[in-house]
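Inside the fold
The primary structure of each chain is shown beneath.
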Amino acid sequence: MAKRDYYEVLGISKGATADEIKRSYRKLAKKYHPDVNKEEGAEEKFKEVNEAYEVLSDENKKAIYDQYGHAGLENGGMGSGFGGFSGGFEDLGDIFSSFMGGGFSDFGFGGRSSRQSGPMKGSNRYLQIEIEFLEAVKGVTKTINIAVDRKCEKCNGTGAKSSSDIETCSTCRGTGKVTRQQRTMLGVMQTVADCPDCNGTGKRIKAKCSECNGKGYKNVKEKVEVNIPAGIASGQQVRLQGYGERGLNGGPNGDLYLEIIVRPHKFFVRDGNDIYIEVPISAVDATLGTTIDVPTCNGEVTLNIPAGSQPGQKLRLAGYGVKSLRGSGTGDQYVQLKVEIPTKLTKEEKELYEKLQGHHKSESVFEKFKKAFK
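Treat the numbers as computed from the prediction; the structure is a model and nothing was measured. (Residues numbered from 1 in each chain as written. Predicted model: local features only at pLDDT ≥ 70, side-chain atom pairs only at ≥ 80, totals over all residues. Heavy atoms only, no water.)

Section: the overall build of the chain
- Each helix and strand counted, the chain has nine helices and 15 strands in total.
- Residues counted as buried form 31% of the 374 residues belonging to the chain.
- Restricting the contact set of the chain to residue pairs at least 6 apart, pairs at least 24 apart contribute 63%.
- A total accessible area of about 24100 Å² is found for the chain, and carbon and sulfur atoms account for 47% of it. (Helix = DSSP H or I, 4+ residues; strand = E, 2+ residues; numbered from the N terminus. Buried < 20%, exposed > 50% of the residue type's maximum accessible area, 1.4 Å probe, protein only. Contact = heavy atoms within 4.5 Å. Areas by Shrake-Rupley, 256 points an atom, 1.4 Å probe, with all protein chains shown as cover.)

Have a look at this one:
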């Protein structure tokens, strides 16, 4: 069967630019790739698209094709289909990344290796620590014990008994990688993986360090002082640099993030940087007014209760709240009044209330309420 015109295969004109050729190729290669398109004939179209792009993306081959057509390339050593494709793997990597979550780098078709061989910082760790309400308000220093991997001091992290006990891995020749080839319907697929004999380090140890048994590190317990700033709230984190997971290939440890959990207080309630507290007072004090000493996070403060104060009324103590972590000031404390009515009275108290009731000449609250229904 005669081959179709390469320009027709890619759906472009002979005057198409290099960018137009590439855009059309990417669109069609993605459309007909066998891993995406399961329709009959898709694989053949995919090979046809690749063959067309190999020619039209190469200036020399394109010039020969434009002048002599398919015949001009028959003796030029071109293979057919995917097996002879040599110039588009970089583009295929971009196409694969758009619908497979990654390129061809894991298969050896160019690009960077999926795993770096240089020093890599370790992963971060996350732990929780509980503190008291007042510790969160004022700030506190806590001492905690942390198990962490540290470089073995005896072998300086090499894992070897001595420097002469380290040799280049003969399997990967020091690269840390091994390459395998597999023939598939799409051609020869090449995979790159960590060397199984040296675990990707490129080195082999003849005699192990007696201190770390060849690991190059030891898991140790360390006491660490954690400075928790004033004003921190539940859910916020404190970072401890270098107390995370061990790095790779000589890289530094990750970090440890401590999530702060603040235990609730029996009386204080926090809302943002403000603090609320409910304080009981007698009906007499609410009616006549009084002065009381109110608890705050920084000791007692004298508060004036005005005459005629109502149940649930809030009085503000400016600046007695929580200090802002960002240094933008301090919140306030709000005192909510809880007016308590006595359930038991002494004989003297009862007589005083009865006397007050008898001298109350003005219209009662209840009588005003009843009038609203008339």
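From this point, things continue past the structure.
What about the sheet that holds strand β14 (residues 314-317)?
- The four strands lie next to each other as β10-β11-β15-β14, forming an open sheet whose pairing is mixed. Single-partner strands in this sheet number two, and they are β10 (269-271) and β14. Across this sheet, the average inter-strand angle for adjacent strands is 35 degrees, counted without regard to direction.
- Examined bridge by bridge, β14 and strand β15 (residues 333-340) share four bridges and lie antiparallel to one another. What sits directly across from K314, in β15, is Q336. (Pairing = 2+ DSSP bridges. Axes fitted to C-alpha atoms, helices over the stretch in contact; angles between N-to-C directions.)

Topic: the pairing of strand β11 (residues 274-282)
- Only one face of β11 is buried: it carries I275, I277, V279 and I281, and the other face, with D274, Y276, E278, P280 and S282, is open.
- Relative to β11, β10 runs antiparallel, the two sharing three bridges. The partner of V269 across the bridge, within β11, is Y276.
- Both β11 and β15 contribute to a ladder of eight bridges, which runs parallel. In the sheet register, I275 faces β15, and the bridge partner there is Q333.

Section: the environment of E340
- Tracing the backbone shows E340 in strand β15.
- Residues E340 and A286, spaced 54 residues apart in sequence, show a C-alpha to C-alpha distance of 9.4 Å.
- If near-sequence neighbours (up to four positions away) are discounted, E340 is found in contact with P280, I281, S282 and A283.

Overview of the pattern of salt bridges
- Per the counting criterion, the structure on display carries 15 salt bridges.
- The shortest N-O distance in the salt bridge between E8 and R4 comes to 3.5 Å.
- Residue class for R4 comes out partly exposed when judged on its relative accessible area of 37%.
- Put simply, E222 and R150 hold a salt bridge, and the shortest N to O gap is 3.0 Å. One end of the pair, E222, is in strand β7 (residues 217-228); the other, R150, is in strand β2 (residues 140-151), and 72 residues separate them in sequence.
- Through salt bridges with shared partners, a single network forms among R4, E8 and E48. (Salt bridge = Lys/Arg side-chain N within 4 Å of Asp/Glu carboxyl O.)

A short note on a negative patch on the surface
- Residues E348, E349, E351 and E354 make up a contiguous surface patch of negative charge.
- Structurally, E354 can be placed in helix α8 (residues 347-358).
- Residue E354 is classed as partly exposed on the basis of its relative accessible area, which comes to 44%. (Patch = residues over 30% accessible without salt bridge, like charges linked within 9 Å, V, L, I, M, F, W, Y side chains within 5 Å. Lys, Arg positive; Asp, Glu negative; His and termini not counted. Charge placed at Lys NZ, Arg CZ, Asp CG, Glu CD.)

Regarding helix α3 (residues 42-56)
- Given a rise of 1.5 Å per residue, 15 residues ought to cover 21 Å, and the 21 Å separating the end C-alpha atoms of α3 matches this to within 8%.
- Every buried residue belonging to α3 is among A42, F46, V49, N50, E51, A52, Y53, E54, V55 and L56, and all of these are buried. (Expected span 1.5 Å × (residues − 1).)

Digging into the sheet that holds strand β8 (residues 237-240)
- Reading across the sheet, the three strands line up as β1-β9-β8 and stay open at both edges, with mixed pairing between neighbours. At either end of the open sheet lies a strand with only one pairing partner, and these are β1 (125-131) and β8. The mean angle between the axes of side-by-side strands here comes to 30 degrees, regardless of whether they run parallel or antiparallel.

Observations regarding the packing of helix α2 (residues 18-32) against α3
- Where α2 contacts α3, the two axes come as close as 9 Å, and the packing angle between them is 160 degrees. When the interaxial angle is binned, α2 and α3 end up roughly antiparallel. Our pair here, α2 against α3, has a crossing hand that is left-handed. Residues I21, K22, Y25, L28, A29 and Y32 of α2 lie in contact with α3, whose contacting residues are A42, E43, K45, F46, V49, N50, Y53 and L56.
- Looking at the contact of α2 with α3 residue by residue, the class counts come to ten nonpolar, one polar and three charged. (Parallel < 35°, antiparallel > 145°, perpendicular 65-115°, else oblique. Left-handed = near helix turned anticlockwise from the far one by under 90°. Nonpolar A, V, L, I, M, F, W, Y, C, P; charged D, E, K, R; others polar.)

A closer look at a nonpolar patch on the surface
- There is a patch of nonpolar side chains on the surface, built from V284, L288, L345, Y353 and L356 and spanning about 490 Å² of accessible area.
- For the nonpolar patch, the secondary structure elements donating two or more residues are α7 (283-288) and α8.
- Here V284 lies in helix α7.

Topic: the confidence of the model for the chain
- Per-chain confidence: the chain averages 83 in pLDDT, with 83% of residues scoring 70 or above.
- No element of the chain has a lower mean pLDDT than helix α5 (residues 89-100), at 49, and none a higher one than β14, at 97.
- Low confidence marks residues 76-90, where pLDDT is under 50. Its contacts with residues over four positions away, or in another chain, come to 28 contacts.
- Here residues 97-115 scores under 50 on pLDDT; set against residues more than four positions off or in separate chains, the count is 37 contacts. (pLDDT = per-residue confidence, 0-100.)

Some points on the nonpolar core
- Residues I144, L240, I260, L303 and V335 are the most contacted members of the largest nonpolar core, which totals 37 residues.
- Core analysis: the second largest hydrophobic core is formed by 19 residues, L28, F46, V49 and Y53 among them. (Core = buried A, V, L, I, M, F, W, Y, C linked by side-chain atoms within 4.5 Å.)

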